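# Notes for the structure review
Read off the chains here:
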Amino acid sequence: MSDTSGKHGDKHWLVQPDTIRKLWIGGIALLIVVTLFDIWVHKHVHFGIEGSFGFYSWYGFATCAAMVAIAKGLGFILKREDTYYDDPD
Amino acid sequence: MTIPIEWLISYAFPPGLILIVGGLLLPLTPLNFRGVAVLALPILTLQVSLAVPDGVLLYHQFLGYDLQLVEGNKLSRLFATIFSIMAFAGGLYAFRHARVLELSAAFVYAGSAVGVAFAGDLITVFVFWEVMAIGSTLVVWAARTKQAYGASMRYLAVHLFGGVVLMAGVVAHVQATGSADFTLMKLGSVGTWLILIGFLINAGAPPFSAWIADAYPESSPFGMVFLSAFTTKTAVFVLIKGFAGTEILIYVGVYMACYGIIYALLENDMRRILAYSIVNQVGFMVCGIGIGTEMALNGAASHAFAHIIYKALLIMSAGAVLQQTGKRKCTDLGGLFQTMPLTCICGTIGALAISSFPWTSGFVSKSMINTASAAEHLTFVWFMLLAASAGVFLHAGIKFPWFVFFQKDSGMRPPDPAWNMKAAMIFFAFMCVALGVYPDPLYSMLPYEVNYEPYAAAHIAEMLQLLLFSGLAFFVLLPMMKRTLTISLDFDWFYRVAGPFIARNVVEAVGKLGKALEQGITREVINAIAFIRQHHGPTGPMARTLYLSSMVIWVVVALGFVLVLNFARA
């Protein structure tokens, strides 16, 4: 993502640092806009907390972060070399 | 085409047999006609399937039971339709490169899935179920690598075990109720429990989830496209038909949805990532089946339909990458968007669809399950499904395209694959978007009337927020997700390592014990023989021949002794 090294000329335009920086800016702007939808859109709330501002934004981010952390933690127990099941011969 | 369809229907020919018989005849078909056959057979199956009317069409007596070989209803037509479409697209993707054995096995496999969809009794279900297990094992096997052979044997072992459980359940159920009819069952008796377990093993439910990520990725680039579609979705079909509203399925489904995400996050192999995400997606469906309301069942059925398409599309794009580069691991891939743009775009459309992005097929199907859980006030389930929805984008929606087509530049510059593979991908990418933008044809095929409007403004906003922030989490936490050359232990450890270890040691210990016993007994017997031989053998004192002279001396001594005794008495 953030490969900023050296010559830009031989790189595809999509992976040039300039483009990546613009993509980040555009992406963050998009995140803000979709969260602000909550102001204009009337939500049908089923569960109390769902009505909180930007619920789906923070819930999406928080649960994903939690899942990455859980996976990382379980990885310490469950991960093995990818040759683990190979025959020794 | 209308004449053979009317003819086939009037003779109540099971639609699945078109693919099964056609598949078996495929190796005998002339080479230049084979492509036409591969594309025509699924189309014919689709037309016949759609023409099957409601109700039982074909009875057959077997051991005193009424077998209902063909029973039509909306649900069976829906599944037969998607199975036929899948066989068509898979055939298009595979017919120029796959071995004929593989195509043949894949068609038998697809045909038996259609057979299950129209089965009106449990015995017919069981027969097609087992044909499906054999067909799919051959598809895995057809990759002809050592890994594929091992995986296919483990796959077969799990499915034969599942088949035995199902058979036992069917026998017990038929004994208890006196009928082999396949209708909605109430969980309670031994028979129904065993049938449910047999079905769930094929769905990839815990603890038997590992076979999917073990076997499917070892098949050929073409084989996995077929494998991803039929076994698990046939299980979804039979669960809807037999166990809708069974509460335990809600929690089994939630577990599967989470399991798939966690294991996919840990995985390095792109095809195994996609295999884990099958479990994740089937989890949503199983959960919907457990909720059991009309909306939830519509959601589960339509999600199975949409899932087959976008999952096959993802696996086609991964297969194209494997075919063109020979690589499967994320650590070896990257930067392929430059020279495989079509594969990249189609794979990304599949990734958006699996993530339920608005205007894709996943959005119009999965949301019905989530909404149904809210309508039933299942708070825990709703929050879990919502988290899992965000997690889908994390583990498949972004992770797959990012690590395969973007991330670092692997330096590889392979072109897009052959025209037929591209055509199949374009077809399914089109379907993903078409179903998302215009879901009405799909909704009209669902088992219950659809009173659901997916494109409410609030719903679009919620989904965009959830998914885009999941995407943000991905890029922010990217350093934590650095790919490693690892696999993750799963339940299959018990039958791949622990089982063989125990078996080996038990055999060894029993062998040692036997040997020790044998040696001990042999020694004792030899000693006894030697003892007997010592005393009774040819040279032993008891068997020795004595000299006449010594005999005479002993007789004289004896007589002398008698004489002395007589004197003593007198």
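Thresholds applied
Residues numbered from 1 in each chain as written. Chains lettered and ligands numbered in written order. Predicted model: local features only at pLDDT ≥ 70, side-chain atom pairs only at ≥ 80, totals over all residues. Helix = DSSP H or I, 4+ residues; strand = E, 2+ residues; numbered from the N terminus. Buried ≥ 20, exposed ≤ 12 C-beta atoms within 10 Å, placed from the backbone. Core = buried A, V, L, I, M, F, W, Y, C linked by C-beta atoms within 7 Å. Contact = placed C-beta atoms within 7 Å. Expected span 1.5 Å × (residues − 1). Nonpolar A, V, L, I, M, F, W, Y, C, P; charged D, E, K, R; others polar. Pairing = 2+ DSSP bridges. Axes fitted to C-alpha atoms, helices over the stretch in contact; angles between N-to-C directions. Parallel < 35°, antiparallel > 145°, perpendicular 65-115°, else oblique. Left-handed = near helix turned anticlockwise from the far one by under 90°. Bend = angle between axes of the 7 residues up to and from the residue. pLDDT = per-residue confidence, 0-100.

Within chain A, the secondary structure is distributed over 2 helices and 1 strand. The helix and strand sequence of chain A, counted from the amino end, reads α-α-β. Buried residues in chain A amount to 16% of all 89 residues.

Moving on to the nonpolar core. Across soluble globular proteins, nonpolar side chains have a tendency to be buried as a group. Residues and elements named next belong to chain B. One finds A110 and L313 to be the most contacted residues of the largest nonpolar core, which totals 207 residues. For this core, the element with the highest residue contribution is helix 13 (residues 294-325), accounting for 20 residues. In this structure A110 touches L19, F83, M86, A87, F226 and F230, once residues within four positions along its chain are discounted.

Once that is clear, we can look at helix 12 (residues 270-291) of chain B. Residue and element names in this part refer to chain B. In this model, helix 12 (22 residues) spans 32 Å end to end at C-alpha, consistent with the 32 Å of a helix rising 1.5 Å per residue. With 22 of 22 residues buried, helix 12 lies mostly within the body of the structure. Phi turns positive one or two residues past the end of helix 12, at G292, with a value near 80°.

Here we come to the interface of chain B and chain A. Contacts between chain B and chain A engage 39 residues on the former and 36 residues on the latter. Of all elements in the fold, only helix 11 (248-266), helix 16 (379-405), helix 19 (457-476) and strand 3 (486-488) of chain B reach the threshold of two or more residues within the side of chain B that touches chain A. The greatest single-element share of the side of chain B that touches chain A, amounting to 15 residues, is contributed by helix 19 of chain B. By residue class, the composition of the side of chain B that touches chain A is 29 nonpolar, 8 polar and 2 charged. Sheet topology places strand 1 (residues 79-81) of chain A next to strand 3 of chain B; 3 bridges connect them, and they run antiparallel.

Within the secondary structure, K512 of chain B sits in helix 20 (residues 492-536). Sequence separation of K512 of chain B and V158 of chain B is 354 residues, and the distance between their C-alpha atoms is 31 Å.

Residue and element names in this part refer to chain B. Two elements in contact, helix 7 (residues 146-177) and helix 8 (residues 190-203), have axes separated by 7 Å at closest approach and are oriented at 155°. Between helix 7 and helix 8, the angle is such that the two are roughly antiparallel. When the axes of helix 7 and helix 8 are compared, the crossing they make is left-handed. Contacts from V158, G162, V165, L166, A168, G169, V170, A172, H173 and A176 of helix 7 reach helix 8 at V190, G191, T192, L194, I195, I197, G198, I201 and N202. Its residues placed into classes, the contact of helix 7 with helix 8 shows 12 nonpolar, 7 polar and no charged.

All names here are of chain B. Here 7 bridges tie strand 1 (residues 55-62) to strand 2 (residues 65-72), and the two strands are oriented antiparallel to one another. Paired with Y59 across the two strands is Q68, which belongs to strand 2. Hairpin connection between strand 1 and strand 2: a loop of 2 residues separates the two successive antiparallel strands, and L63 in this loop has a positive phi of roughly 50°.

Residue and element names in this part refer to chain B. Mapping A105 onto the fold places it in helix 5 (residues 100-117). Measuring from C-alpha to C-alpha, the distance between A105 and M132 comes to 9.3 Å, with 27 residues separating the pair along the chain. Look past the residues within four positions of A105 in its chain and what remains in contact with it is G135, L138, V139 and A142.

Residues and elements named next belong to chain B. With 21 residues, helix 3 (residues 31-51) extends 31 Å between its outermost C-alpha atoms, agreeing within 8% with the 30 Å of an ideal straight helix rising 1.5 Å per residue. For helix 3, the principal kink sits at A37 and spans about 30°. What helix 3 keeps buried is the set V38, L41, P42, T45, L46, V48 and S49.

Another aspect to go through is the confidence of the model for chain A. Residue and element names in this part refer to chain A. Scored by pLDDT, chain A comes out at a mean of 80, with 87% of its residues at no less than 70. Between the elements of chain A, mean pLDDT differs from a low of 84, seen in strand 1, to a high of 90, seen in helix 2 (residues 55-78). Long-range and interchain partners of residues 1-8, a stretch whose pLDDT sits below 50, account for 6 contacts in this model, where long-range means more than four residues apart.

Residues and elements named next belong to chain B. Direction vectors running N to C along helix 4 (residues 74-94) and helix 5 enclose 170°, while the axes themselves pass 8 Å from each other. The angle between helix 4 and helix 5 places the two elements in the roughly antiparallel class. Side by side, helix 4 and helix 5 meet where S76, F79, A80, F83, S84, M86, A87, G90 and A94 of the first sit next to L103, A106, F107, A110, A113, V114 and A117 of the second.

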